[in-house]
Amino acid sequence: MIDDPILKRDWHVVAWSRDLIEGQLLPARLLGEDVVLWRLGEQVMAWQDLCVHRGTRLSIGRIENEQVICPYHGWTYDESGQCVRIPAHPEQTPPAKARVERYHAREAYGAVWVCPGDPVQDVPPFPEWHDSTFRVVPCGPYAFRASGPRALENFLDVAHFPFVHEGLLGDQGHTEIEDYNVITDERGVTAEDIRVWQPDPDGTGQGALVSYNYHVYRPLTAHFEKSAQGPRFAMLFNVTPVEPLQSVGWMWVAMNYGHHLPESDISGFQDRVVAQDIPIVESQRPERLPLDLQSELHLRSDRTAIAYRRWLNTLGLSFGTA
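As the structure is a prediction and not an experimental result, all values here were calculated from the model. (Residues numbered from 1 in each chain as written. Predicted model: local features only at pLDDT ≥ 70, side-chain atom pairs only at ≥ 80, totals over all residues. Heavy atoms only, no water.)

1. Overview of the nonpolar core
So the rule is basically this: Only buried residues count toward a nonpolar core. Its members are Ala, Val, Leu, Ile, Met, Phe, Trp, Tyr and Cys residues joined through side-chain atoms within 4.5 Å. The cut-offs for exposure are 20% and 50% of the maximum accessible area for each residue type, with area from a 1.4 Å probe on protein chains only; residues under the lower value are buried, those over the upper are exposed, and the others partly exposed. In this text, helices come from DSSP runs of H or I with a minimum length of four residues, and strands from runs of E with a minimum of two, each type numbered from the N-terminal end. Whether two residues are in contact is decided by their heavy atoms: any pair within 4.5 Å suffices.
Of all hydrophobic cores here, the largest spans 63 residues; its most connected members are Leu37, Leu152, Phe155, Tyr212, Tyr214 and Tyr308. With six residues, the top contributor of residues to this core is helix α4 (residues 263-283). Sequence-distant contacts of tyrosine 214, that is, excluding residues within four places in its chain, are made with Phe155, Leu156, Val158, Phe161, Val189, Thr190, Ala191, Ile194, His223 and Phe224. By size, the runner-up hydrophobic cluster in this structure holds 18 residues, among which are Phe126, Ala234, Val242 and Trp250.

2. Comments concerning empty space enclosed by the protein
It is the rolling of a water-molecule-sized probe over the atoms that shows where space remains empty. Going by this rule: Grid points spaced at 1 Å and placed over the protein atoms alone form the basis of the search, with a cavity being a set where a 1.4 Å probe fits but cannot get out and a pocket an open set showing protein on both sides within 12 Å along at least five of seven lines. Lining residues have an atom within 4 Å of a point. Grid points are joined across faces, edges and corners, and a volume is the space filled by probe spheres set on the points. Under the convention adopted here, Pro, Cys and the residues Ala, Val, Leu, Ile, Met, Phe, Trp and Tyr are nonpolar, Asp, Glu, Lys and Arg are charged, and Gly plus all remaining residues are polar.
Applying the stated criterion across every chain, the model contains one cavity of 30 Å³ or more. Estimated volume of the largest cavity: approximately 240 Å³. Along the walls of the largest cavity sit 23 residues, with Phe155, Leu169, Met251, Val273 and Asp277 positioned nearest its centre. Tallying contributions element by element places α4 first for the lining of the largest cavity, with five residues. Here the lining of the largest cavity is built from residues that sort into 16 nonpolar, four polar and three charged.

3. Considerations on α4
This is how it is decided: How far a helix is expected to stretch is found by multiplying one less than its residue total by 1.5 Å.
With 21 residues, α4 should cover 30 Å at 1.5 Å per step; its first-to-last C-alpha distance of 31 Å lies within 8% of that length. The inward-facing, buried residues of α4 abut β11 (135-144), α2 (148-156), α3 (161-164), β16 (232-243) and β17 (246-255).

4. Some words on a negative patch on the surface
Where we set the bar: Here, patches come from residues exposed beyond 30% relative accessible area and free of salt bridges, joined within 9 Å for like charges and within 5 Å for nonpolar side chains (Val, Leu, Ile, Met, Phe, Trp, Tyr). Areas reported as accessible are Shrake-Rupley estimates using a 1.4 Å probe. Residue values count occlusion only from the protein chains shown. Salt bridges are defined by distance alone: a side-chain nitrogen of Lys or Arg within 4 Å of a carboxyl oxygen of Asp or Glu. Think of it this way: Lys and Arg go in the positive column, Asp and Glu in the negative one, and His and the chain ends go nowhere. Where a charge sits is defined by one atom per residue type, namely NZ (Lys), CZ (Arg), CG (Asp) or CD (Glu).
Together, Glu22, Glu42, Glu66 and Glu79 make up a region of like negative charge exposed at the surface. Mapped onto the fold, glutamate 66 is located in the loop between β5 (62-64) and β6 (67-69).

5. Side note on the side chain of glutamate 282
Residue placement: glutamate 282 occurs in helix α4. Those residues in contact with glutamate 282 that lie beyond four places of it in its chain are Ala143, Phe144, Arg145 and Ala146.

6. With respect to the packing of aromatic side chains
Filter applied, for reference: Working definition: rings of Phe, Tyr and Trp (its six-membered ring) pair if their centres are within 6.5 Å, and the pair is stacked with planes under 30 degrees apart, edge-to-face with planes over 60 apart, and tilted otherwise. When the NZ atom of lysine or the CZ atom of arginine is within 6 Å of a ring's centre and also within 35 degrees of its normal, the charge is said to sit over that ring.
This structure, assessed with the given rule, holds 19 aromatic pairs. Taking the centre distance of 5.5 Å and the plane angle of 65° together, the rings of tyrosine 214 and phenylalanine 224 count as edge-to-face. One end of the pair, tyrosine 214, is in strand β14 (residues 208-218); the other, phenylalanine 224, is in strand β15 (residues 221-227), with ten residues separating them in the sequence. The same class applies to tyrosine 214 and to phenylalanine 224, which are both buried. When the ring centre of phenylalanine 233 is taken as reference, the NZ or CZ atom of lysine 226 above it lies at 4.9 Å.

Honestly, that's just the spatial picture; any functional story needs more than this.
Written out as C-alpha cells, the structure reads:
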C-alpha cells in the first residue's frame, strides 16, 4: 500500500452499500492496494485482497460458512483473517502468520468506507443525511485519470462554471466572482458566501443567483450547501485515492425541494456536469497538485484553492501533490 500517513488514517469510500451483496466478495482498490469486501452479518469486512499462500486474489474465491476460501488451493480464512484450513494438509494447524491483513470498515450514508490504518476520527459529517426534509441521491462513481487533490480542488472552484458548465452552472455573461471569506482552523477549510449566477443550478431548469458555502473536512472530502431564495441544495464529495494519478469520485446530492423529480434525473444531471469536469481535470499539469503557491498564478477568486493548498501543506500530505 502507498504509504501516506495522512490518507492511511482517513476514511475513503470504496463501494456503494447496495453493491455489497451478502454471500458475495466485492473487489475494490485503495492507495495502490487491492481490497476485498464482504458481509458478515451486520459487519462489513475489508481485507487485503491477497491469499498469503501464493498471492491469489481472494475476491475471485467464495464465501462458505462465514469463511473466505481462496480459489487456488482452497486455503480457508475465518472472520479474523486467520487461515484455519489448508486442504492439502488437513491434519496441520495453519501457522499464526498465515493471516490476511484486515482494514477498518464501516457503512455510512449508503456507502462502504475503509480506513487502512488506525482512524484518527469518524467519517466526515453530512448533516443533510440526518435531516428528514432533505432527499439524498447518490451519484457516481466517477473515474478520474488524475490525482485526488486535483479532483477535489476542481470541486471547490466556482470560477470555472461559466466556461466548463455554461448553460448549467454558469453563464459567460456573468463571470465575476465577488469577494468572499475563507477560514482555516482545526475543522479544515471553510469558504463562505460565494455568489454566482447559474442558469440551471440543479437540473430543474430554473435559473438563480445562488450562494455557496464550502467545507473541506478532509484532504479528499468536501461539502457545500447553497441556497437561492429559500430552496436548499447540498452535496458531499469524497475522492478515493486509487493510485497517485488515478481517482474515483463519489457524490451525494441533497435537496429539500423537487421531491417529485425522478432520481435518475438528479443523478443524470450530475453525470453530465462531471463528464464536463473530467477532461479538464485530466488535462492539468503538473498532474500532481502543486503546494508551492509560487508555482502557479493565483487571484482573489482563488482564495478557496489557496487555503486548501496551504492546509494540505500544513498537514504534510504527500500523495497526489507536488
